[in-house]
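Results of the structural survey
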Amino acid sequence: MAIAVSALEKFITLVNETPVTDSTPPHLAPVDTQDSENLIAIDVSLSETKFDLAKDPADFGIAQLHSAYQTGVLRPSTLVKSLLSRVEKREPIIEGWATIAPDLVEQADKCDQQIPSAESNKPLLGIPIGVKDLVDVAGLPTRCGSQQTTADPALNDATAISRLRDAGAIIFGKTTTHEYAFGGTTPPTKNPWDLDRIPGGSSGGSGAVLGAGMVPGAIGTDTAGSVRIPASYCGAVGFMGSYGVVPGDHVAVLAWSLDHVGAMARSVTDTELVFKVLAGIPTSPSSAPIGLPSVIGIPSAAFEPIHPAVRVAFEKGVDALIDSGVKIVEVPWPDPELLEAVGFILMMAESAAYHRQRMHRPELFDPQVAELLEQGATVSAGTIFRR
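Residues numbered from 1 in each chain as written. Predicted model: local features only at pLDDT ≥ 70, side-chain atom pairs only at ≥ 80, totals over all residues. Heavy atoms only, no water.

Structural notes on the overall build of the chain
Note the following rule: We count a stretch as a helix when DSSP gives it H or I for four or more residues in a row; a strand needs E for two or more, and each element gets its number in order from the N terminus. When checking whether two residues touch, look at their non-hydrogen atoms; a contact exists if any pair is within 4.5 Å. What sets the accessible areas is the Shrake-Rupley method with a 1.4 Å probe; for residues, cover comes only from the shown protein chains.
Along its length, the chain carries twelve helices and eight strands. Pairs at least 24 apart in sequence give 70% of the contacts found in the chain among residues at least 6 apart. Here the chain has roughly 18400 Å² of accessible surface; of this, 56% comes from carbon and sulfur atoms.

Here's the deal with the nonpolar core
Put simply, the test is: Side-chain atoms within 4.5 Å are what join buried Ala, Val, Leu, Ile, Met, Phe, Trp, Tyr and Cys residues into a set we call a nonpolar core. A 1.4 Å probe rolled over the protein chains alone gives each residue an accessible area, and that area as a share of the maximum for its type sets the label: buried under 20%, exposed over 50%, partly exposed in between.
Counting 74 residues, the largest nonpolar core has L124, I161, L164, F182, I219, V274 and L278 as the members making the most contacts within it. Discounting chain neighbours no more than four positions away, the residues touching L278 are A160, R163, L164, I219, V246, P247, G262 and A263.

Thoughts on the pattern of salt bridges
Here is the rule we go by: When a carboxyl oxygen of Asp or Glu is within 4 Å of a side-chain nitrogen of Lys or Arg, the pair counts as a salt bridge.
A full pass over the atoms with the stated rule returns twelve salt bridges. Two residues, K174 and D133, come together in a salt bridge whose shortest N-O distance is 2.9 Å. Of the two residues, K174 sits in strand β3 (residues 170-175) while D133 sits in the loop between β2 (128-132) and α5 (159-166), which places them 41 residues apart along the sequence. Residues K174 and D133 agree in their burial class; the two are buried. Of the charged contacts in the structure, one is a salt bridge between D222 and R228, with a shortest N-O distance of 2.8 Å. With relative accessibility at 0%, the residue D222 sits in the buried group. One salt-bridge network, held together by shared partners, links D56, D59 and R86.

Digging into helix α4 (residues 104-114)
How we decide: By construction, the arc corresponds to the directions joining the helix axis to the C-beta atoms.
All of the buried residues in α4 are L104, Q107, A108, C111, D112 and Q114. Around the axis of α4, the buried residues are gathered within 160° of arc, so they sit on the same side. Considering only its buried residues, α4 is in contact with α3 (76-94), β1 (97-100), α5 and β3.

Some remarks on the sheet that holds strand β6 (residues 260-265)
Within a beta sheet, neighbouring strands are joined by backbone hydrogen bonds and run either parallel or antiparallel to one another. What counts, and what does not: Only strands joined by at least two bridges in the DSSP assignment are considered to pair. Simply put, an axis is a line fit to the C-alpha atoms, just over the touching stretch for a helix, and the angle between two N-to-C directions goes from 0 to 180 degrees.
The strand order across the open sheet formed by six strands is β1-β3-β2-β4-β6-β5, and the pairing between neighbours is mixed. The open sheet is flanked by β1 and β5 (237-239), the only strands paired with a single partner. Going from strand to strand, the sheet's axes swing by 30° on average, the running direction of each strand aside. Alignment of β2 against β3, held across five bridges, turns out to be parallel. Residue pairing across strands places K132 opposite T175, the latter belonging to β3. Taken strand by strand, helix α8 (residues 268-279) contacts β2, β4 (217-222), β5 and β6, and its axis lies near 145° from that of β6.

Description of the side chain of T189
Let me state the cut-off plainly: Any pair of nitrogen or oxygen atoms within 3.5 Å is treated as a polar contact; in protein, a donor-acceptor pairing is required on top of that, and neighbouring residues in sequence qualify only through side-chain atoms on both sides.
Tracing the backbone through its elements, the reader meets T189 in the loop between β3 and α6 (204-211). Of note is the side chain of T189, whose polar atom sits 2.7 Å from the backbone oxygen of E95.

Notes on unusual backbone geometry
Of the consecutive residues P187 and P188, the connecting peptide bond is found in the cis state with omega at 5°. Tracing the backbone through its elements, the reader meets P188 in the loop between β3 and α6. Even without being glycine, Y180 reaches a positive phi, approximately 50°. Along the chain, the position of Y180 falls in the loop between β3 and α6. For T186, which is not a glycine, the phi torsion comes out positive at approximately 55°. Assignment of secondary structure puts T186 in the loop between β3 and α6. Taking the relative accessible area as the measure of exposure, T186 reaches 0% and is therefore buried.

Description of the confidence of the model for the chain
Short version of the rule: Each residue carries a pLDDT value, the predictor's own confidence for that position, ranging from 0 to 100.
Model confidence for the chain is summarised by a mean pLDDT of 87, while 84% of its residues fall at 70 or above. Counting contacts from residues 1-35, a segment whose pLDDT is below 50, to residues more than four positions away or on other chains yields 50 contacts.

Examining the environment of M214
Following the sequence through the fold, M214 ends up in the loop between α6 and β4. For M214, a relative accessible area of 0% corresponds to the buried category. Note: C-alpha distance between M214 and G96 (118 residues apart in sequence) is 9.4 Å. Contacts of M214, omitting those with residues within four sequence positions, involve L83, R86, V87, R90, E91, I94, W97, F172 and V209.

Considering the environment of V268
Within the secondary structure, V268 is located in helix α8. Taking the C-alpha atoms as reference, V268 lies 6.2 Å from V237; in sequence the two are 31 residues apart.

Okay, structure coming up:
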């Protein structure tokens, strides 16, 4: 237990070694981000306004782009050209992409052809999506941010990718990840809101390319905050659903008992849409709404400490549930520090088991990741299953 707790302390130190700024919320930042040499993020509020032909289409969110396609004022191929132009300028600074799909223009052209047809009702038709480089995309390598992997292309799509394709999405490319998701900094990727700071992790690439306006939607994986942290750091929205709601096949493992595939975008509305597609939940307006449970438990002890603005937003959400007839019940919750330690012990042990063969060549891992894996290998089954 002492070894695992020591590793937990080291991991938290790594995550927090470069603090995220909280001086100016991204949605209040100046629209003309080019005035600051250390800020190349976009005005995320554009993701919640009406599409405007006078502005760069790359600045708009999924809902606005879908509407623009439906009304014929924009085509997916035009959007992709705009995004590629932005990637050419910003990617050398941000370093949020592991690879760009070589068939990107071809994918966009196919979407152009579908727009006038009945297939245009697909919820993500023509919407470019970035994919964390732990998730298999057929034809692209899955490097996992590691020298342990090869450049051989994946043979099959993960189920999450198949669902995105079925919904009409354009797979824009693979985004950077902290090595095998075992960390919270995602080097060498920069935070578009402050280039001297980290984007968070381990889905830091997805958060950074969203914040920099290089793609309107992305997916990541989340074991201990790896979707939600970079979304928060980079001025985006991230959502991790319940365990198993989004299939995790053909996704590299950090800890199989804790891993989730999650959705990321620049607004709550867009993130909800991407997540529903990933989860196989109908998105058509004619679909029956998902019913609310009659009772929802809230573990209040788990929400301390909390930023005042986050508390206000959370309480508004609770009030909305109450207004909808849901009964809110406070539930007992273990000591958050103890809970975090137990979760990390499990994560360490499962990661060490998953990488057991790779540890024959530990020099191919980042030294900090290798050290965590070595410590994870010392966690016994008795420690995990002891009651």
